[in-house]
Amino acid sequence: QVQLVESGGGWVQAGGSLRVSCAASGRTFSPYFMAWFRQAPGKEREFVAAINWSTDVTRYADGVKGRFTISRDNAKNTVYLQMNSLKPEDTAVYYCAARTYYSTTPRLSPNEYDYWGQGTQVTVSS
């Protein structure tokens, strides 16, 4: 029903910036939360940031707070992740996700989202 497509990944040196985007398509799209997760080789997928689609309230993982900013454009069905002061440990495949069923608080686990993109690679070199 809903397809999510990430873009904007690439290579950047430590301290640099990058913005990744996620565009949603479908007959209808009205999520409660959109989020970014990331997964490095050999590691579990971890929460990065989430945004309430209607209120614009955001939540961030402790490791990225102050460096990353999640935002959305409801008219374009697009969510963004601006990443500043990037570190080598930020290297991962970044996935966007949508939760389309009701939630009163941001969901932090991958299994709490029902739509996923294919991911975009972000590589940060030292």
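Residues numbered from 1 in each chain as written. Predicted model: local features only at pLDDT ≥ 70, side-chain atom pairs only at ≥ 80, totals over all residues. Heavy atoms only, no water.

1. Some words on the pairing of strand S9 (residues 92-99)
- With eight of eight residues buried, S9 is to be regarded as a mostly interior element.
- In this structure, strand S4 (residues 33-39) lies alongside S9, joined through seven bridges in antiparallel fashion. Looking at the pairing, Arg38 lines up with Tyr94 of S9.
- Here S9 pairs with strand S11 (residues 120-125) via three bridges, running antiparallel. Residue pairing in the sheet places Val93 in a bridge with Gln121 of S11. (Buried < 20%, exposed > 50% of the residue type's maximum accessible area, 1.4 Å probe, protein only. Helix = DSSP H or I, 4+ residues; strand = E, 2+ residues; numbered from the N terminus. Pairing = 2+ DSSP bridges.)

2. Describing the environment of Asn84
- With respect to the secondary-structure elements, Asn84 resides in the loop between strand S8 (78-83) and S9.
- Along the backbone, Asn84 and Thr69 are 15 residues apart, and their C-alpha atoms lie at a distance of 8.5 Å.
- When sequence neighbours within four positions are dropped, the list of residues in contact with Asn84 reads Gly16, Ser17, Arg67 and Phe68.
- At 3.0 Å, the side chain of Asn84 and the side chain of Gln82 are in polar contact. (Contact = heavy atoms within 4.5 Å. Polar contact = N/O pair within 3.5 Å; in protein donor to acceptor, adjacent residues only side chain to side chain.)

3. A closer look at the state of the cysteines
- Following the criterion strictly, the structure yields one disulfide and no others.
- Note that Cys22 is cross-linked by a disulfide to Cys96, the S-S spacing being 1.8 Å. With Cys22 in strand S3 (residues 18-26) and Cys96 in strand S9, this pair connects stretches of sequence that are 74 residues apart. An identical accessibility class is assigned to Cys22 and Cys96; each is buried. (Disulfide = S-S within 2.5 Å.)

4. Section: the environment of Lys87
- Its location among the elements puts Lys87 in the loop between S8 and S9.
- The exposure class assigned to Lys87 is partly exposed, which follows from its relative accessible area of 35%.
- Separated by 71 residues in the primary sequence, Lys87 and Gly16 place their C-alpha atoms 8.3 Å from one another.
- Every residue in contact with Lys87, bar those within four places of it in the chain, is listed here: Arg67 and Val124.

5. With respect to the packing of aromatic side chains
- Applying the stated criterion to the full structure yields six aromatic pairs.
- Seen from their ring centres, Phe37 and Trp116 are 5.1 Å apart, and the 55 degrees between their planes marks the pair as tilted. Within this pair, whereas Phe37 is found in strand S4, its partner Trp116 is found in strand S10 (residues 115-116), the two being separated by 79 residues in sequence.
- In this structure Trp116 comes out as partly exposed when scored by relative accessible area, which is 25%.
- Aromatic side chains Tyr113 and Trp116 sit 6.4 Å apart centroid to centroid with 70 degrees between the ring planes, which places their arrangement in the edge-to-face category.
- Put simply, the rings of Phe37, Phe47, Tyr113 and Trp116 touch in pairs and so form one group of aromatic residues.
- Above the ring of Tyr95, the side-chain terminus of Arg45 is found at 3.7 Å from the ring centroid. (Phe/Tyr/Trp six-rings, centres within 6.5 Å; stacked < 30°, edge-to-face > 60°. Lys NZ or Arg CZ within 6 Å of the ring centre and 35° of its normal.)

6. Notes on the sheet that holds S8
- Across the sheet, which stays open at both edges, the four strands sit in the order S1-S3-S8-S7 with antiparallel pairing between neighbours. This sheet does not close on itself; its edge strands, each paired only once, are strand S1 (2-7) and strand S7 (68-73). Across the sheet, the axes of successive neighbouring strands diverge by a mean angle of 15 degrees, strand direction being ignored.
- Pairing between S1 and S3: six bridges, direction antiparallel. Paired with Val2 across the strands is Gly26, a residue of S3. (Axes fitted to C-alpha atoms, helices over the stretch in contact; angles between N-to-C directions.)

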